Amino acid sequence: MKFRNFKMVDYVIYGRGCFNQLGEIIDPRRKQGAPMIFLVDHFFEGKPLADRLPLQGNDKTIFVDVTYEPKTSYVDKIANQLKEEFGSVSGIIGIGGGSAMDLAKAISLMMTNPGSSADYQGWDLVKVPGVYKVGIPTLSGTGAEVSRTTVLTGPTRKLGMNSDFTPFDQIVLDPELTAGAPVNQRFYTGMDCYIHCIESLQGTYLNEFSKSYGEKALELCQKVFVHKDGWDEENDDLLMMASYAGGMSIAYSQVGVAHAVSYGLSYLLGTKHGIGNCIVFDKLEEYYPEGVKEFKYMVEKNKVDIPQGLTKGLSDADFGTMINVSLGMKPLWENALGKDWEKIMTREKLRALYEKL
Ligand code: NAD
Ligand code: ZN
């Protein structure tokens, strides 16, 4: 057995209002003449948060478009523009949901690594550290703040830049920043965390390390979405820590069926990660009976909509594409169903599952 020796985030600050310390945190990382680049989710353009950035000298704010999940072409475009405009930069500060944080990680890496980000989609292909990078979540659930990947859609595949150079140097966990996220979005991203926990805890890769974090994250998600009524500040605190712990749990295990199937959906139809996982998980009674039962309860209690009938009318070729993408996620299937997963999850069985979505 070969154990994973994983790289973690270097510095973590947590607490309501800790965003105010961003300026003093990044100051020692400033290099003469090289700006800090604030990569901010476009949702915050014209909002109060945009006026709270600790800008100095030639620092630059870029509002990133996260209408679609990050593409390698978008990463390359921003990195090339920055290189042309400044030569080098002191750091990249990503502020937003999983999409903005992933963009920040990828752009930091592409400031120093040659070629296109598409060349690095895979495992351990990145050879040079990127520039200093900071992640600041404004939505809780993906665990992108702690993970060693950045999920990108490239010309031929949807795959992360997984490497030891990918994790942030610093994360700023300020639950105040997630206040006011729309109910449906908050639920979908929160459920990403819930699903990470179920898939990790029910997986064959499970060990005590993953279990400890996964159980804690699950408990926090349940507090927020099952046990409490309405939404309050405490929920933002709890969910931010759930996301962190959920991310730590999968760092040493893997996700499972919902993620593997949802990747196919997202590749073909562009369905976003959080909502896609919900659409799939809703139909996974066979694999995660208790989790799915509780999920349906949370959907009802929190009055959110899970879209239905997405794959109605798709062609055989379309189903084939989704099945190929999904079955390509081998570690996810092996974690979910064991070494013999290929005998269990046949193309016919997967097609029947896609037809239910
Ligand atoms: P997101 O980042 O795509 O954002 C969803 C929407 O919420 C956007 O419209 C955004 O503008 C808006 N938004 C963000 N913060 C807000 C706030 N405080 N108030 C109001 N609106 C706000 O959503 P997400 O679910 O956080 O992230 C999904 C992305 O994360 C996908 O691209 C997925 O591939 C990626 N992901 C990465 C990892 C990883 O380990 N790197 C893990 C899971 C998911
Ligand atoms: Zn996920």
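Residues numbered from 1 in each chain as written. Chains lettered and ligands numbered in written order. Predicted model: local features only at pLDDT ≥ 70, side-chain atom pairs only at ≥ 80, totals over all residues. Heavy atoms only, no water.

## A closer look at the sheet that holds strand β4 (residues 91-96)
Taking strand neighbours across the sheet as the criterion, the 6 strands line up as β1-β9-β6-β4-β2-β3 in an open arrangement whose pairing is parallel. Because the sheet does not close on itself, it has two edges, and the strands there are β1 (11-14) and β3 (60-64). Strand-to-strand, the axes of this sheet are offset by a mean angle of 15 degrees, without reference to chain direction. Where β1 lies against strand β9 (residues 170-173), 4 bridges are found, and the strand directions are parallel. By the bridge assignment, Ile13 is partnered in β9 with Val172. Strands in contact with helix α2 (residues 72-86) are β2 (36-41), β3 and β4; relative to β3, the strand with the most contacts, it is inclined by about 165 degrees. Strands in contact with helix α3 (residues 98-110) are β2, β3, β4 and β6 (132-137); relative to β4, the strand with the most contacts, it is inclined by about 170 degrees. (Pairing = 2+ DSSP bridges. Helix = DSSP H or I, 4+ residues; strand = E, 2+ residues; numbered from the N terminus. Axes fitted to C-alpha atoms, helices over the stretch in contact; angles between N-to-C directions. Contact = heavy atoms within 4.5 Å.)

## Quick look at the site of ligand 1
The full set close to ligand 1 counts 26 residues, and Asp41, Ser99, Thr138, Ser147 and Thr189 are the nearest of them. Within the side chain of Thr138, a nitrogen or oxygen atom sits 2.8 Å from a nitrogen atom of ligand 1. In this structure, a nitrogen atom belonging to ligand 1 sits 3.4 Å away from a main-chain N or O atom of Leu177. When ligand 1 is considered free in solution it has 860 Å² of accessible area, and contact with the protein chains removes 92% of it. Looking at the shell around ligand 1, the elements with two or more residues in it are α3 and α4 (183-201). (Near = heavy atom within 4 Å. Polar contact = N/O pair within 3.5 Å; in protein donor to acceptor, adjacent residues only side chain to side chain. Areas by Shrake-Rupley, 256 points an atom, 1.4 Å probe, with all protein chains shown as cover.)

## Let's talk about the domain arrangement of the chain
Domains assigned within the chain are domain 1 (11-178) and domain 2 (183-356). Its C-alpha centre places domain 1 at a distance of 25 Å from the equivalent point of domain 2. Each partner contributes to the interface: domain 1 provides 23 residues, whereas domain 2 provides 21 residues. Summing the contributions of domain 1 and of domain 2, the shared interface buries around 2,000 Å²; its carbon and sulfur component is 60%. (Domains from an automatic or database assignment. Buried area = accessible area lost by both parts, 1.4 Å probe.)

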